[in-house]
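# Summary of the model geometry
Okay, here's what each chain looks like letter by letter:
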Amino acid sequence: MSFLSELFRKKSIPDAIATAHSESGETGMGKLQKHLGVVDLTALGIAAIIGAGIFSTIGSASYNGGPAVIFLFIFTAFACGFAAFAYAEFASLLPVSGSAYTYSYVAFGELIAWIIGWALIMEYAVGNITVAVSWSGYFTSLCDSAHLHVPEWAQLDYVSARDGFAKADGLLRGGTALSALTDAQREAWLAWNHAPSLGGLRIILDIPAMAMSVLITALVYIGMRESKNAGNMMVVLKLAVVALVILVGAFYVDTANWHPFVPNGFGGVMAGVSSVFFAYIGFDALSTTAEECKNPQRDLPRAMVYAIVLCTVLYILIALVLTGMISYKELDVNDPLAYVFQKLNLKWFSGIIAVSSVVAMAGVFLVFQLGQPRIWMVMSRDGLLPKPFSRIHPRFHTPDFSTIVTGLFVIVPMLFIPSDTVLDLCSMGTLFAFVLVCAGVLKLQMTPDAPRGKFRTPYINGKWLFPLLVAGGLGYLFTQHQASALAWLRNAPQMYDEETLLSKLDREQAQTILAYVSRSDSAGFAASGGELAAYLGSLAPASYARTVNAAPLPEAVKYESGWALFQHKIPMWLFALTCLGMVALSFRHSLSLIPILGLISCFYMMAQIPARSWFGFFIWLVIGLAIYFGYGVKHSKLRRI
């Protein structure tokens, strides 16, 4: 067997199950315990799904998309639902830990399994950074309400503070008052200016988030039963809070806030894709607990579907309530639920939300911290990572070494990775896993006599349906949006929005455009309070374009063009090529439509994530491949057979 073919050598299903039984100490002291039923699994899914998505990231998604963000929740729910069918089919076929890593090992071979396992490690690690940062936002808000102020430099990571300060400083140079900045911009500006320094380096770190990470990791280390009980209590609490927010908030909805319903167009809605998708990723963590389920073939598929359906309904209701209570423009904050009620002078209720959120969001962190050590554990069983990663603690019955490493993978990057980049990277890793799991189900369909589990994805022949869907999408694009589609294909220069434009201006250029605007539209400029950002933001798209074009500024400041613009389109080009490839495969093999739609919809959401995050994801994969070829290739147990 050649070296290349060995890289794609597959693990058989009986071997995967036998390895899990033998390596977990099925007959020994250090074995995983089976504590989870369908109610526990559904609760874990809800614990993960209803967390940072509904308590934090829903704010930024609503800020970008307005009330129409509910369409993004619905689209994402369908995409995750399609992927959930694929996960459920594999979970019934392979009732072992490892999630998409194990499924890919069976469907595609070792190299692809390593890549997806490495991506899952990033998903859980960076995902928990986002959760910890969101939790910190509610915790510090709660401290402020109790008159225990946490300094701004102790609430942010270094890079977020630095970049936020740069944007805030640009607005201040444009005439915006410090009090008129958003809470996030003002927080970054204060953190950067007031941070203590050591040898000229500003000390900026999120202390509450780091402390919570240590405590939850310790709980996960102690055991699954304890983690399950804590998670179930947190689920009851957060469901009660969400229901209360919807019921109370409904009385304060002003339908005028829903107009316009789609203020920033389709692009604005899709700009929140990372935030909204992050709200759904908890269900795939359930598949990592397969060896601790009482009946994984039956209970895992049910729990995944139950969790997604329930959470989608709650997400839509709460998004409508939030955007109806205040303007979507005010929702770009870390703690939107508490913020909204505070703005309406319901501070007592805001306090209840803050207290509940501090507890409830810890449940999300708990589930993610349960997932990652079990990925390390299964990869170690296969020889791709050193043996200590698969060690089970004889007393606590948990992968102890992997749990400790998981904690470090969250705490250390928290010092320097900005929260928005973390969110994108987490979504990238998760969507990549979803794409491969859906592709794995399609691969099983194309493989003669492939083994199948008790649960199967409902079959709808996509031979003609999927090509027709693609043709219909192209027809709509080039008939209803012909100008923008052709401009995209030609890579025509694109004007910066007002926030990006202001951040690119130096002090002299800011004064130049201020003087120009005050001369050309003195009445409009005065009506905006003499603030450049407020004036530009008040203009209609056509008026904004005319104003910027006429302003005496260099073209490079006004427009993004050439390679700088094209690189953002690379993910969409990859998506287009994937669609064409799936058209050919679906026609040739009469593939099932549901996993095709799961693969395509998840890839489409990946394509909406900024190119810089794709680059970061690529760097992470390169590091993983270096470890694989440096260690995993030599120690793989599959190659010794």
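Residues numbered from 1 in each chain as written. Predicted model: local features only at pLDDT ≥ 70, side-chain atom pairs only at ≥ 80, totals over all residues. Heavy atoms only, no water.

What follows concerns the overall build of the protein chain. Looking only at helices and strands, the protein chain features 31 helices and four strands. The 641 residues of the protein chain split such that 56% are buried. Across the protein chain, every contact between residues at least 6 apart in sequence was considered, and the portion connecting residues at least 24 apart equals 84%. (Helix = DSSP H or I, 4+ residues; strand = E, 2+ residues; numbered from the N terminus. Buried < 20%, exposed > 50% of the residue type's maximum accessible area, 1.4 Å probe, protein only. Contact = heavy atoms within 4.5 Å.)

With that settled, consider the packing of aromatic side chains. Centre distance and the angle of the planes are the two values used to describe a pair of aromatic rings. Enumeration according to the criterion identifies 22 aromatic pairs in this entry. Pairing Trp 376 with Phe 389 gives two aromatic rings, centres 5.0 Å apart and planes at 25 degrees, and the pair type is stacked. Within this pair, whereas Trp 376 is found in helix H16 (residues 347-381), its partner Phe 389 is found in the loop between H16 and helix H17 (400-411), the two being separated by 13 residues in sequence. With respect to burial, Trp 376 and Phe 389 carry one shared label: buried. With a centroid separation of 5.2 Å and an interplanar angle of 75 degrees, the aromatic rings of Trp 376 and Phe 409 are classed as edge-to-face. In this pair, Trp 376 is assigned in helix H16 and Phe 409 in helix H17, connecting sequence segments 33 residues apart. Since its relative accessible area comes to 27%, Phe 409 is described here as partly exposed. Stacked on the ring of Phe 587, the Lys or Arg Lys 463 has its end atom at 5.1 Å from the ring centre. (Phe/Tyr/Trp six-rings, centres within 6.5 Å; stacked < 30°, edge-to-face > 60°. Lys NZ or Arg CZ within 6 Å of the ring centre and 35° of its normal.)

Our focus in this paragraph is the pattern of salt bridges. In a structure, side chains of opposite charge can pair up when their charged atoms sit close to one another. If you walk through the whole model with that rule in mind, you get three salt bridges. With a shortest N-O distance of 3.1 Å, Glu 330 and Lys 343 are connected by a salt bridge. One end of the pair, Glu 330, is in the loop between helix H14 (296-325) and helix H15 (336-343); the other, Lys 343, is in helix H15, with 13 residues separating them in the sequence. By relative accessible area, Glu 330 is classed as partly exposed at 29%. (Salt bridge = Lys/Arg side-chain N within 4 Å of Asp/Glu carboxyl O.)

Two elements in contact, helix H8 (residues 158-173) and helix H9 (residues 183-194), have axes separated by 7 Å at closest approach and are oriented at 110 degrees. Here H9 runs roughly perpendicular to H8, going by the angle between their axes. Judged by residue contacts, Tyr 158, Ser 160, Ala 161, Arg 162, Gly 164, Phe 165, Ala 168, Asp 169, Leu 171 and Leu 172 of H8 engage Gln 185, Ala 188, Trp 189, Ala 191, Trp 192 and Asn 193 from H9. Class assignment of the residues belonging to the contact of H8 with H9 gives a composition of ten nonpolar, four polar and two charged. (Axes fitted to C-alpha atoms, helices over the stretch in contact; angles between N-to-C directions. Parallel < 35°, antiparallel > 145°, perpendicular 65-115°, else oblique. Nonpolar A, V, L, I, M, F, W, Y, C, P; charged D, E, K, R; others polar.)

Examined against the element boundaries, Thr 76 turns out to sit in helix H5 (residues 69-93). Beyond its immediate sequence surroundings of up to four residues, Thr 76 is in contact with Val 276, Phe 277, Tyr 280 and Met 605.

Where helix H19 (residues 465-480) contacts helix H20 (residues 482-490), the axes come no closer than 5 Å and their chain directions differ by 100 degrees. Here H19 is positioned roughly perpendicular relative to H20, judged by the angle of their axes. Residues Leu 477, Phe 478 and Gln 480 of H19 pack against Gln 482, Ala 485, Leu 486 and Leu 489 of H20. Grouping the amino acids of the contact of H19 with H20 by side-chain chemistry returns five nonpolar, two polar and no charged.

The topology assignment puts Leu 44 in helix H3 (residues 38-49). Apart from residues lying up to four places away in sequence, Leu 44 is in contact with Leu 36, Leu 286, Val 367 and Leu 370.

In this section: unusual backbone geometry. Looking along the chain, the bond that leaves His 259 and enters Pro 260 is cis, with omega of 0 degrees. By the secondary structure assignment, Pro 260 is in the loop between helix H11 (224-249) and helix H12 (265-270). Phi at Asn 491 is positive, roughly 60 degrees, even though this residue is not glycine. As for its position among the elements, Asn 491 is in the loop between H20 and strand E3 (494-495). For Asn 491, a relative accessible area of 18% gives the class buried. You will see that Ser 590, though not glycine, has its phi angle at about 50 degrees, which is positive. Tracing the chain through its elements places Ser 590 in the loop between helix H28 (570-589) and helix H29 (593-607).

In this section: the confidence of the model for the protein chain. A low pLDDT means the predicted coordinates there should not be read in detail. When pLDDT is averaged along the protein chain, the result is 80; 88% of the residues meet or exceed 70. The secondary structure element of the protein chain with the lowest average pLDDT is helix H2 (residues 13-23), at 66, and the one with the highest is H28, at 92. In this model residues 25-30 is a low-confidence stretch, pLDDT under 50, and it forms ten contacts with partners more than four residues away in sequence or in other chains. (pLDDT = per-residue confidence, 0-100.)

Moving on to a nonpolar patch on the surface. On the surface, a cluster of nonpolar side chains totalling about 1,100 Å² of accessible area is made up of Leu 474, Leu 477, Phe 478, Leu 486, Leu 489, Trp 563, Phe 566, Ile 570, Trp 573, Leu 574, Leu 577 and Leu 580. Contributions of two or more residues to the nonpolar patch are made by H19, H20, helix H27 (562-566) and H28. Of the residues forming the nonpolar patch, the biggest block, five residues, is contributed by H28. Within the secondary structure layout, Leu 577 lies in helix H28. On the basis of relative accessible area, Leu 577 is assigned to the exposed category, the value being 56%. (Patch = residues over 30% accessible without salt bridge, like charges linked within 9 Å, V, L, I, M, F, W, Y side chains within 5 Å. Areas by Shrake-Rupley, 256 points an atom, 1.4 Å probe, with all protein chains shown as cover.)

Before going further, it helps to examine the state of the cysteines. Following the criterion strictly, the structure yields zero disulfides and no others. The cysteine Cys 80 is free of any disulfide, with Cys 602 supplying the nearest cysteine sulfur at 6.1 Å. We classify Cys 80 as buried; its relative accessible area is 0%. Free of any disulfide, Cys 438 has its nearest cysteine sulfur in Cys 602, 5.5 Å distant. (Disulfide = S-S within 2.5 Å.)

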